[in-house]
Amino acid sequence: MKLVMLGTGAPPPTVEKNGPSNGIISGEKLFLIDAGRNVATQAVRAGFPVDQIDNIVFTHFHSDHYTGFGEFFISRWIMGAKEPLKVFGPAPIVEIVKRMLLYYEYDIDLRVNEGKSRVGTQIDVEVVSSGDTFSVNNVEISAVKGTNHGNVDDILSYKFHRNNKTIVIASDGSPTNQLLPFSKDADILVMHACVPELIQGRFGGNSETARIVASHHATFKEIGEIATNAKVKKLVFSHVVPPLAPDARVIEGISEYFSGEIIAGKDQMVL
Ligand SMILES: [Zn+2]
């Protein structure tokens, strides 16, 4: 089992980083964790044709985590997927899927009326709650509410386990008291960081908005302490706010609280 970072960016479109998404590679298959901007292209770049990806696991539904969902879904069908797409995630997923299908209904009908089979447009939705476990592609997955993320109640962190390897992907936000036991002894812990001094002055000079944005995200101290206390082997940061904050600044900040290996996540990095 391997982690491939498909997008390490954030809401602002940048040339350097795609929208927040990861992939878990298990055997010959890959499944997605979130579906940010350009996830379909990024999966192809990683060597996984979209029609062969059958599962997506969502952490939460801030738009940057699913702007690539619709494009992935429709491209997967156009490229020939014959199996239903299976999606897992917290409760709003039911409405998100329903509305996304409406958005593409016109295009789907056009293509079906020309003879393309509707098979492959089906989406099977599984609502996941904190404490649930399930499996995808022989990977055991468990979910907890591992972070507080502003006013987003429906948010899940995930642990992936196969063949003595454990990867934890924390959702956006500050750790809840569940994240530490959940991450214990993980080989890889992925967290996202915020550099508050670099977002002041953005948002049209609205410091109140900057303050709210900063409060939605984990501090260097919170990230470093979780990694230290959970004794994780590798700490990876991704989806940094702002997205082009210098890696050295983030590493410097976290390393005050964690002396282990810190990796700056990059698009297409495989771990
Ligand atoms: Zn978010």
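One can find the structure itself at the top, above this paragraph.
These lines cover the structure that appears in this document, whether it is placed above or below. Keep in mind the model is a prediction, meaning the values are calculated, not measured.

Rules used throughout
Residues numbered from 1 in each chain as written. Predicted model: local features only at pLDDT ≥ 70, side-chain atom pairs only at ≥ 80, totals over all residues. Heavy atoms only, no water. Donors = N, O, S within 2.8 Å, 3.2 Å for Na, K, Ca; no water. Tetrahedral: all angles 85-135°; square planar, octahedral: opposite > 155°, others 65-115°. Buried < 20%, exposed > 50% of the residue type's maximum accessible area, 1.4 Å probe, protein only. Core = buried A, V, L, I, M, F, W, Y, C linked by side-chain atoms within 4.5 Å. Helix = DSSP H or I, 4+ residues; strand = E, 2+ residues; numbered from the N terminus. Contact = heavy atoms within 4.5 Å. Pairing = 2+ DSSP bridges. Right-handed = clockwise from strand over helix to strand, strands pointing away. Axes fitted to C-alpha atoms, helices over the stretch in contact; angles between N-to-C directions. Polar contact = N/O pair within 3.5 Å; in protein donor to acceptor, adjacent residues only side chain to side chain.

## Re the coordination of the zinc ion
- Taken together, the protein ligands of the zinc ion are H60 (NE2), H62 (ND1), H149 (NE2) and D172 (OD), with distances of 2.1 to 2.6 Å.
- Given four donor atoms and angles of 81 to 164° at the metal, the environment of the zinc ion is assigned as irregular.
- Going along the chain, you hit the donors of the zinc ion in the pattern H-x1-H-x86-H-x22-D.
- Residue H60 is classed as buried on the basis of its relative accessible area, which comes to 0%.
- Accessibility expressed as a relative area gives 26% for H62, which makes it partly exposed.

## What about the nonpolar core?
- Core analysis: the largest hydrophobic core is formed by 29 residues, its most contacted members being F69, F72 and V87.
- Looking at this core, the elements that each hand over two or more residues are β1 (2-7), β3 (29-33), α1 (39-45), α2 (69-78), β5 (85-89) and α3 (93-113).
- Per-element tally for this core: the top contributor is α3, with six residues.
- F69 has contacts with A35, I56, F58, L85, V87, I96, V97, M100 and I123, leaving out every residue within four places of it along the chain.
- Counting residues in hydrophobic clusters, the runner-up holds 26 residues, among them F182, A218, I223 and A227.

## Thoughts on the pairing of β5
- Counting buried positions along β5 gives four out of five residues, so the element sits mostly inside the fold.
- In terms of strand pairing, strand β4 (residues 55-57) meets β5 through three bridges, oriented parallel. Its bridge partner being in β5, I56 is matched across the sheet by V87.
- Taken together, β5, α3 and strand β6 (residues 123-127) constitute a β-α-β crossover, and its handedness is right-handed.

## Remarks on the sheet that holds β4
- Spatially, the six strands line up as an open sheet ordered β1-β2-β3-β4-β5-β6, and their pairing is mixed. Taken across any chain shown, the strands that pair with only one partner, and hence form the sheet edges, are β1 and β6. Pairs of neighbouring strands in the sheet enclose a mean axial angle of 25°, with direction left out of account.
- Alignment of β1 against strand β2 (residues 21-26), held across five bridges, turns out to be antiparallel. Opposite L3, over in β2, you have I24 as the bridge partner.

## Concerning the side chain of S26
- For S26, the location among the structural elements is in strand β2.
- Assessed through its relative accessible area of 4%, S26 is described here as buried.
- Separated by 2.6 Å, the side chains of S26 and R162 make a polar contact.

## Comments concerning unusual backbone geometry
- A cis amide bond links V241 with the next residue in sequence, P242, at an omega value of -5°.
- For P242, the position within the fold is in the loop between β14 (234-241) and α7 (247-255).
- The phi torsion at K231 lies on the positive side, around 55°, for a residue other than glycine.
- In this fold, K231 is placed in the loop between α6 (220-230) and β14.
- Exposure remark for K231: the relative accessible area of 57% places this residue in the exposed category.

## A word on the environment of I155
- As for its position among the elements, I155 is in the loop between β9 (147-148) and β10 (157-162).
- As a C-alpha pair, I155 and A170 span 15 residues in sequence and 9.9 Å in three-dimensional space.
- Not counting residues up to four positions away in its chain, the partners in contact with I155 are T59, H60, P90, V144, K145, T147, H149, S171 and D172.

## Remarks on the pairing of β3
- Counting buried positions over the five residues of β3 gives four, a clear majority of the element.
- Judged from the five bridges that link them, β2 and β3 form a sheet pairing that is antiparallel. Across the sheet, residue I24 finds its bridge partner in β3, namely F31.
- Relative to β4, β3 runs parallel, the two being bridged by two bridges. Bridge pairing in β4 links L32 to I56.
- A crossover links β3 with its parallel partner β4, the connecting element being α1, and its sense is right-handed.

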